[in-house]
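Structural description and commentary
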Amino acid sequence: MSETYIEIQQADPKELFGLNEEKLAAIRKYFPQLRIILRGHLLKAVGDPAHLADLEQKMKFVLWHYDRMNRLTEKDVERIFEQETEEPAEPSAVPAAAVLVAGSGGRQIRALTAGQQALADACRAKDMVFAVGPAGSGKTYTAVALAVNALKNKEVKRIILTRPAVEAGENLGFLPGDMREKLDPYMQPLFDALKDMLPYQKLLGYMEEGIIEIAPLAFMRGRTLDKAFVILDEAQNATRMQMKMFLTRMGRAAKFVITGDTSQIDLPEKQPSGLLHALKILADVPEIGFVRLKAEDVVRHPIVTRILHAYEQAAKPEAKGAPADQPSKPKPCA
């Protein structure tokens, strides 16, 4: 009798095998000759060396599948353990271009609009892409999905998400706590997107190891970002100097995505936006991609699209023959 130990890395055994180890029970059915025991993050198996080697090979496929899809079902176990090939079974028959990444719980995250698909296509074709569009059009969410997919496919070694720490039109005053606690409110939208893409424990592990980093734009100064997928969010609030600093951080084998909404600039009135400046002076650089999302790409509540259209119309005073900030008479209630 021999024994082997299989380490379950970057996966919560409860999420992988189920609270009641139902997926582990399904695995045991295929190896009745082995005694298989789960102890924390170690899977111990005792039995004939040939059966142990077969189990180790199949478990590589199981862990590969879980890493790609963030889930493991009993049907997945059946498909993996009954295949004869020595290559991992593809986790999904859906074409890769149609799915941006498999999110938490195996939910397939796709481009939902033509603008989001254009952003995905541009990111695959170019190493630097500017994505400009209204709030809710999926600029950041799509970019984060593409970044996680690149990390899973080992196209990059790390993900860096950054944004300017600028208050959105209001003075928040003194914020208590250490540096991280002060910055958390600005970084929270990026963290929320990542939680949709990765199981929580895996996300925390990546952040502790520095594989995923969320940091304010000011922290990018002096760095060279190689083999990384880097997203600058809320870029309309970067100054010209900050934008130049960020764009010149690009290292070898890196992907840069810059997202922003030019209608929501929160910089002081006399401080020009670095995003507007960059869009103007870099427009003729062929190696850079530019994607403009529209109100039609908004995937929030349907009323958000109407709100955006209303603001667009209000920004055209010549069409109304009155100043844009002058309210019209309210219609009487029915």
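Structure: see above.
An account of the accompanying structure is given in this report. (Residues numbered from 1 in each chain as written. Predicted model: local features only at pLDDT ≥ 70, side-chain atom pairs only at ≥ 80, totals over all residues. Heavy atoms only, no water.)

In this section: the sheet that holds strand 7 (residues 158-163). If you walk across this open sheet you meet the 6 strands as 8-7-9-10-6-11, and the pairing is parallel. Both outer strands of the open sheet, strand 8 (212-216) and strand 11 (288-292), are each paired with one neighbouring strand and no more. Neighbour to neighbour, the strand axes of the sheet diverge by 15 degrees on average, direction disregarded. As paired strands, strand 6 (residues 128-132) and strand 11 are joined by 5 bridges and run parallel to one another. Counted as the bridge partner of Ala131 is Val291 from strand 11. In this fold helix 9 (residues 240-247) packs onto strand 6, strand 7, strand 9 (228-232) and strand 10 (255-260), with an angle of close to 155 degrees to the strand it touches most, strand 10. (Pairing = 2+ DSSP bridges. Helix = DSSP H or I, 4+ residues; strand = E, 2+ residues; numbered from the N terminus. Axes fitted to C-alpha atoms, helices over the stretch in contact; angles between N-to-C directions. Contact = heavy atoms within 4.5 Å.)

This paragraph deals with the side chain of Asp261. By secondary structure assignment, the location of Asp261 is in the loop between strand 10 and helix 10 (274-281). One buried charged residue, Asp261, remains without a salt bridge, the closest side chain of opposite sign being Lys139 at 5.5 Å. Here the side chain of Asp261 touches Ala135 through a polar contact of 3.4 Å, landing on its backbone nitrogen. Ignoring anything within four residues of it in the chain, the contact list for Asp261 reads Gly133, Pro134, Ala135, Lys139 and Gln236. (Buried < 20%, exposed > 50% of the residue type's maximum accessible area, 1.4 Å probe, protein only. Lys, Arg positive; Asp, Glu negative; His and termini not counted. Salt bridge = Lys/Arg side-chain N within 4 Å of Asp/Glu carboxyl O. Polar contact = N/O pair within 3.5 Å; in protein donor to acceptor, adjacent residues only side chain to side chain.)

Before going further, it helps to examine the nonpolar core. Counting 35 residues, the largest nonpolar core has Val144, Val148, Met197, Ile212, Phe229 and Ile231 as its most contacted members. Counting residues per element, the ones that place at least two in this core are strand 4 (99-102), helix 5 (114-125), strand 6, helix 6 (139-152), strand 7, helix 7 (179-197), helix 8 (200-209) and strand 9. Element by element, the count of residues in this core is highest for helix 6, at 8 residues. Look past the residues within four positions of Phe229 in its chain and what remains in contact with it is Ala143, Leu146, Ala147, Ala150, Val156, Arg158, Ile159, Ile160, Lys255 and Val257. By size, the runner-up hydrophobic cluster in this structure holds 25 residues, among which are Ala238, Met243, Met245 and Phe256. (Core = buried A, V, L, I, M, F, W, Y, C linked by side-chain atoms within 4.5 Å.)

What follows covers the sheet that holds strand 2 (residues 35-39). Ordered by their spatial adjacency, 3 strands build an open sheet running 1-3-2, and the pairing between neighbours is antiparallel. Only two strands of the sheet have a single partner each, and these edge strands are strand 1 (2-7) and strand 2. Between one strand and the next, the sheet's axes are offset by a mean angle of 20 degrees, whatever the strand orientation. As paired strands, strand 2 and strand 3 (residues 42-47) are joined by 5 bridges and run antiparallel to one another. Within strand 3, the position partnered with Leu38 by the bridge is Leu43. Along the sheet, helix 2 (residues 22-30) makes contact with strand 2 and strand 3, crossing strand 2 at roughly 155 degrees.

Once that is clear, we can look at the pairing of strand 7. Of all 6 residues in strand 7, 5 are buried, a share of seventy percent or more. Sheet topology note: the strand 7/strand 9 ladder contains 5 bridges and is parallel. Bridge pairing in strand 9 links Thr162 to Leu232. In the sheet, strand 7 pairs with strand 8 via 5 bridges, with the strands oriented parallel. Note that in strand 8 the partner of Arg163 across the bridge is Pro216.

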